[in-house]
Amino acid sequence: MCVKTIVTTSVLKAASFIRKGETVAFPTETVYGLGADCFNEKAVMKIFKVKGRASDNPLIVHIHTKSQIRLLVREITESAYRIIKKFFPGPVTVILEKNDLVPHLVTAGLNTVAIRMPSMKFTREFIKKCGVPIAAPSANISGKPSSVTWEHVQNDFKGRIPCILKGPEVKYGIESTVVDCSVEPPVLLRPGKITLEELQRIIPEITLVNKSSKIKSPGMKYRHYSPEAKVIFWNTENRKLAADNENSAYIGLNKPDASFRKIKICKSPEDYASSLFSFFRECDREGFKKIYVQKVQRTGIGLAIMNRLDKAAARQ
Ligand code: TXA
Ligand code: MG
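The structure displayed is predicted, hence computed values, not measured ones.

Novice: Sorry if this is basic, but what is going on with the overall build of the protein here?
Specialist: Assigned secondary structure in the protein consists of 10 helices and 15 strands. Over its C-alpha atoms the protein spans a radius of gyration of 19 Å, differing by no more than 12% from the 20 Å that the globule rule assigns to 316 residues. Along the longest, intermediate and shortest principal axes, the C-alpha atoms of the protein span 60 × 50 × 30 Å. The proportion of buried residues among the 316 residues of the protein is 58%. In the protein, of all internal contacts separated by at least 6 residues, the share reaching a separation of at least 24 is 69%. Approximately 13,900 Å² of the protein is accessible, and the part contributed by carbon and sulfur atoms is 51%. Across the protein, 51 positive and 30 negative side-chain charges occur, with their mean positions spaced 4 Å apart.

Structure representation (structure tokens):
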């Protein structure tokens, strides 16, 4: 597949591709998405193909106004209502029982659909101009780190998708929190920008998905967020090894007691979360073979950081 990829800042121009049944990469406050008309199966199929995404891994449907939720679901549960009221628009995705209009391809055969209303105004203007909700996974080749800039998208998809919508800078750099509200009490399937603690403030019973339980989020079983370089947790044993390795980079909150050719010390856990994918991609571009990553506490945004690091490190 070889097409001309245009990069545009016009939401109208980008929306015209969606209306023609094409795919468009677009920014959100979390990461870039690769979108298509959620009601057009042929268009949605193109997303799976170009990403190399497994067909049993469902997509998130993006909306520009809360009233579009009704186009997608049977009913809005009490817990979903609370999350929507507090966090929509924003970096959280709710899962609800789908209606018959949502194609099975979008939900990978599940009877539930994931819905998100981005807080980036530019994204919502784009979706509005499309005239339909937009099914979109993160805009990266399956298994790779998510794209945080339009250049990342271009690296993965140049010549393979017709349009990249270039917009304001991505704010968070880590994907949305995914909450299954089709069950009671709701289950946090993917930690993200909105923390478990924030959710528990409005729904105290909410629980974190149990690793050993039956896989609830199909995406959980796949390789994820992995750069070409090997990702290794920084600890006392590997300290010596890493220090004299010219091909190693380091990212964390604290300065390591070893020298690296490339080091990123993050100012806060939030900064760590938003720097991670860009750092991974930068290291690949610069030819690093190993990336040492510092562990953080699994609280607040730390839960999302550790979720991504565990997956990135699990590949090897
Ligand atoms: O921030 C984000 O969420 C970004 C931007 C573009 O919105 N999107 C994103 O999409 O990260 P993706 O496809 O990379 O991750 C969506 C996750 C996957 O783990 C998928 O398995 C899960 O959500 N998911 C989607 N629909 C689901 C459903 N009906 N039931 C359970 N899990 C679902
Ligand atoms: Mg993804």
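Novice: Hey, could you run me through the packing of helix α9 (residues 269–285) against helix α10 (residues 302–314) in this one?
Specialist: Axis separation between α9 and α10 bottoms out at 10 Å; the angle between their running directions is 30°. With respect to each other, α9 and α10 are oriented roughly parallel. The handedness of the crossing between α9 and α10 comes out as left-handed. Contacts between α9 and α10 involve Pro269, Tyr272, Ala273, Leu276, Phe277 and Phe280 from the former and Ile305, Arg308, Leu309 and Ala312 from the latter.

Novice: Explain the environment of Lys66 to me, please; I cannot follow it from the model alone.
Specialist: By the secondary structure assignment, Lys66 is in the loop between β4 (60–62) and α3 (78–87). A C-alpha to C-alpha distance of 21 Å links Lys66 and Val31, two positions 35 residues apart in sequence. Among all residues touching Lys66, those that are not within four sequence positions of it are Ile84, Lys85, Phe88 and Met117.

Novice: Please clarify how the site of ligand 1 should be interpreted in this entry.
Specialist: In the vicinity of ligand 1 there are 25 residues, among which Thr30, Asn57, His62, Ser176 and Arg190 approach most closely. In this structure, Ser138 approaches ligand 1 through a side-chain N or O atom, which is 2.9 Å from an oxygen atom. Alone, ligand 1 offers 680 Å² of accessible surface; in the complex the protein occludes 97% of this. At the level of elements, β4, β6 (112–116) and β10 (187–190) are the ones that each hand at least two residues to the shell around ligand 1. For the shell around ligand 1, the class distribution of residues is 11 nonpolar, 9 polar and 5 charged.

Novice: Is there a simple way to think about helix α2 (residues 41–51) in this case?
Specialist: Ala43, Val44, Ile47, Phe48, Val50 and Lys51 are the residues of α2 that are buried. Summarising the contacts, the buried residues of α2 are in contact with β3 (33–37), α4 (104–107), β7 (134–136) and α6 (150–157). Downstream of α2 by one or two residues, Gly52 has phi in the positive range, about 75°.

Novice: How should I be thinking about the sheet that holds strand β11 (residues 207–208) in this particular structure?
Specialist: Note on sheets: strands pair through backbone hydrogen bonds, and any given pair is parallel or antiparallel. Taking strand neighbours across the sheet as the criterion, the 11 strands line up as β1-β8-β2-β3-β7-β4-β6-β5-β9-β10-β11 in an open arrangement whose pairing is mixed. Of all strands in the sheet, those with a lone pairing partner are β1 (6–8) and β11, marking the two edges. When β4 meets β7, the two strands line up antiparallel, connected through 3 bridges. By the bridge assignment for β7, Ile60 is matched with Ala136. Sitting on the sheet, α2 touches β3 and β7, and the angle it makes with β3 is about 155°.

Novice: What am I meant to see in the domain arrangement of the protein here?
Specialist: Buried accessible area, meaning the area lost when the parts come together, often serves as the stated size of an interface. Per the domain assignment, the segments making up the protein are domain 1 (6–174) and domain 2 (230–314). Taken over C-alpha atoms, the centre of domain 1 sits 29 Å from the centre of domain 2. In this complex, domain 1 contributes 12 residues to the contact, which on the side of domain 2 involves 10 residues. Both faces combined, the contact of domain 1 with domain 2 buries some 930 Å², and carbon together with sulfur accounts for 60% of it. It is Pro145, His152 and Ile174 that lose the most area in domain 1 upon contact with domain 2, and together they represent 60% of the buried surface on that side. Applying the counting rule to domain 1 against domain 2 returns 1 salt bridge.

Calculation criteria
Residues numbered from 1 in each chain as written. Chains lettered and ligands numbered in written order. Predicted model: local features only at pLDDT ≥ 70, side-chain atom pairs only at ≥ 80, totals over all residues. Heavy atoms only, no water. Helix = DSSP H or I, 4+ residues; strand = E, 2+ residues; numbered from the N terminus. Rg over C-alpha atoms; globule rule 2.2 N^0.38 Å. Buried < 20%, exposed > 50% of the residue type's maximum accessible area, 1.4 Å probe, protein only. Contact = heavy atoms within 4.5 Å. Areas by Shrake-Rupley, 256 points an atom, 1.4 Å probe, with all protein chains shown as cover. Lys, Arg positive; Asp, Glu negative; His and termini not counted. Charge placed at Lys NZ, Arg CZ, Asp CG, Glu CD. Axes fitted to C-alpha atoms, helices over the stretch in contact; angles between N-to-C directions. Parallel < 35°, antiparallel > 145°, perpendicular 65-115°, else oblique. Left-handed = near helix turned anticlockwise from the far one by under 90°. Near = heavy atom within 4 Å. Polar contact = N/O pair within 3.5 Å; in protein donor to acceptor, adjacent residues only side chain to side chain. Nonpolar A, V, L, I, M, F, W, Y, C, P; charged D, E, K, R; others polar. Pairing = 2+ DSSP bridges. Domains from an automatic or database assignment. Buried area = accessible area lost by both parts, 1.4 Å probe. Salt bridge = Lys/Arg side-chain N within 4 Å of Asp/Glu carboxyl O.

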